[in-house]
Structure formats: structure tokens, C-alpha cells
Amino acid sequence: ETGVTQSPTHLIKTRGQQVTLRCSSQSGHNTVSWYQQALGQGPQFIFQYYREEENGRGNFPPRFSGLQFPNYSSELNVNALELDDSALYLCASSLDRDLNTDTQYFGPGTRLTVL
Amino acid sequence: KQEVTQIPAALSVPEGENLVLNCSFTDSAIYNLQWFRQDPGKGLTSLLLIQSSQREQTSGRLNASLDKSSGRSTLYIAASQPGDSATYLCAAPNQAGTALIFGKGTTLSVSS
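Structural notes, computed from the coordinates. (Residues numbered from 1 in each chain as written. Chains lettered and ligands numbered in written order. Predicted model: local features only at pLDDT ≥ 70, side-chain atom pairs only at ≥ 80, totals over all residues. Heavy atoms only, no water.)

Points about the sheet that holds strand β7 (residues 64–68) of chain A
Residues and elements named next belong to chain A. With antiparallel pairing, four strands are arranged side by side in an open sheet as β1-β3-β8-β7. The strands lining the two open edges of the sheet, one partner per strand, are β1 (5–7) and β7. Geometrically, the sheet is characterised by an average inter-axis angle of 20° between neighbouring strands, direction not taken into account. The pairing of β7 with strand β8 (residues 73–78) spans five bridges and is classified as antiparallel. (Pairing = 2+ DSSP bridges. Helix = DSSP H or I, 4+ residues; strand = E, 2+ residues; numbered from the N terminus. Axes fitted to C-alpha atoms, helices over the stretch in contact; angles between N-to-C directions.)

In C-alpha cells:
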């Protein structure tokens, strides 16, 4: 157990809809990152939040957005869903924002299916 | 830009065999490299994290090595068991340290 939880476990949406995925980090962890893992691929970095501010972003369009709250919870929002957004979404938390010196702890993921 | 590659993509072995999974990375200026296990449809379980100052890390039947000069890491699994069947992923931080860059993984199947 990593102490990182995600909800919901599974979600089905239709193309064009909006979705919010939630993550609860380990207490005291100031950093949360989100990854998208398509079937048969490794996780791809979406963005990182540190103390409620976006601290880095991968190659994802602006319709992917996030929020981090002071109570160690966070959200990933995706607007105008596309079929290719179907994937496992993973959140990971860490004490610090520099993964060269710190370790991320991953949640179990949310499986999103877009029809 | 860091890129991580894993070979082979899939591997099938009989129970009891020793095996090696390979991971290569393009930017040798890494501070650490991590190996994960992923069961189908599940999240990531961290197996071993090797700091750049270390050459090896061991946990039970698992041994991971890191050679920065050649841009390679290996995960050695001794006396494989059916319960080892899973996808194994390696990952290294990007230059800014803001994200892990993952390989596509090696899917291991151990038959009894």
C-alpha cells in the first residue's frame, strides 16, 4: 500500500463529455503528478503540481487540466473527451518536486473508457 | 531528451528459470532509475530504486543493476515463479526532475 488513493476505479464516458478524476496523496506530500497509460504502453507524464501550482507539463493539450488542494487531494479534468483518451490514469505523490532526489508513490489508477 | 527502451517486449519462461530484463536510456546524466511491476489493469508497484551512486540493488529474488556509462539497467529475477507473471517497467527522471520517463515494459509469463 502506497497511501495514495484514486476514485473512481472505473469510468465510462461518451465522446465530447467532460470528466473529473480524483486523487488523495500521502499526508505531507506537496507534489502530485498525473500520468496517462494507454493499453500496451508505458505511462506518459501529463503534469505535475507542487503546492497548488503547475510545475511541469508533458505533451498534452490544454483540455487536460488539474487542481491541487491544501488537504492533499487533487483532480485531473479532461474536457471534450476523445476516443484516444481511453486509458488508465495514474496519480503519484512525492514529498518534493525533484524526482532526481525524491521518490513517487503511485495510486491504483482510474480506468477511463470513452465510447 | 530522455528516452527509455525495454527489450524484449514479451518473455515466456518455465518456472524455476533465472531471467534478465533489459532497460536502456539515452541521457546518462540520471540520478536514479526505478523498476516497477504492474499486474493487468492495476497500478504500479515499485520494486527497486537504484541511485546513480550505486551499482546494484537487491530485494529478495530481484537484483537490479545500473551502468550509467553504457546507458543500461538490468533486472535479474532468480528462480522465477508463476506469481512473477506481470509487466515490468523501468523509469528514469527527465532532466528537470519533474517527471518519470517510462519504457513500454516487458510482459513476463512464467508457466508452471
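Additional details are given in the paragraphs that follow.
Let's talk about the state of the cysteines
Residues and elements named next belong to chain A. One pass over the full model with this rule turns up two disulfides over all chains. Two residues, C23 and C91, share a disulfide whose sulfurs are 1.8 Å apart. Taking the torsion about the sulfur-sulfur bond, which here is approximately 50°, the covalent link between C23 and C91 counts as right-handed. Residue C23 is found in strand β3 (residues 19–24), and its partner C91 is found in strand β9 (residues 87–94); the two are separated by 68 residues along the sequence. (Disulfide = S-S within 2.5 Å.)

As for the layout of surface pockets
Space inside the largest pocket adds up to approximately 840 Å³. Surrounding the largest pocket, 41 residues form its lining, A:Q41, A:G42, A:P43, A:Q44 and B:G103 being those nearest its centre. Mapped by element, the contributors of at least two residues to the lining of the largest pocket are β5 (44–50) of chain A together with β1 (4–7), β9 (86–93), β10 (100–102) and β11 (106–111) of chain B. Each residue belonging to the lining of the largest pocket can be placed in one class, and the counts come to 16 nonpolar, 18 polar and seven charged. Size it by volume and the second largest pocket reaches roughly 330 Å³. For the second largest pocket, the lining is made up of 21 residues, of which A:E1, A:T2, A:F106, B:L44 and B:T45 are closest to its centre. The element contributing the most residues to the lining of the second largest pocket is strand β4 (residues 32–38) of chain B, with four residues. A per-class count over the lining of the second largest pocket returns six nonpolar, 11 polar and four charged. (1 Å grid on protein atoms, 1.4 Å probe; cavity = no way out; pocket = protein on both sides within 12 Å on 5 of 7 lines; lining within 4 Å. Points joined across faces, edges and corners; volume = space filled by probe spheres on them. Nonpolar A, V, L, I, M, F, W, Y, C, P; charged D, E, K, R; others polar.)

Focus: the pattern of salt bridges
All names here are of chain A. Within this structure, the stated rule accounts for six salt bridges over all chains. Note that E75 and R22 form a salt bridge whose closest N and O atoms lie 3.7 Å from each other. With E75 in strand β8 and R22 in strand β3, this residue pair connects regions lying 53 residues apart in the sequence. Across the pair R63 and D85 runs a salt bridge, and its minimum N-O distance is 2.8 Å. Note that R63 is positioned in the loop between β6 (53–57) and β7 and D85 in the loop between β8 and β9, a separation of 22 residues in sequence. You can call R63 buried: its relative accessible area is 17%. Judged by relative accessible area, which is 3%, D85 ranks as buried. (Salt bridge = Lys/Arg side-chain N within 4 Å of Asp/Glu carboxyl O. Buried < 20%, exposed > 50% of the residue type's maximum accessible area, 1.4 Å probe, protein only.)

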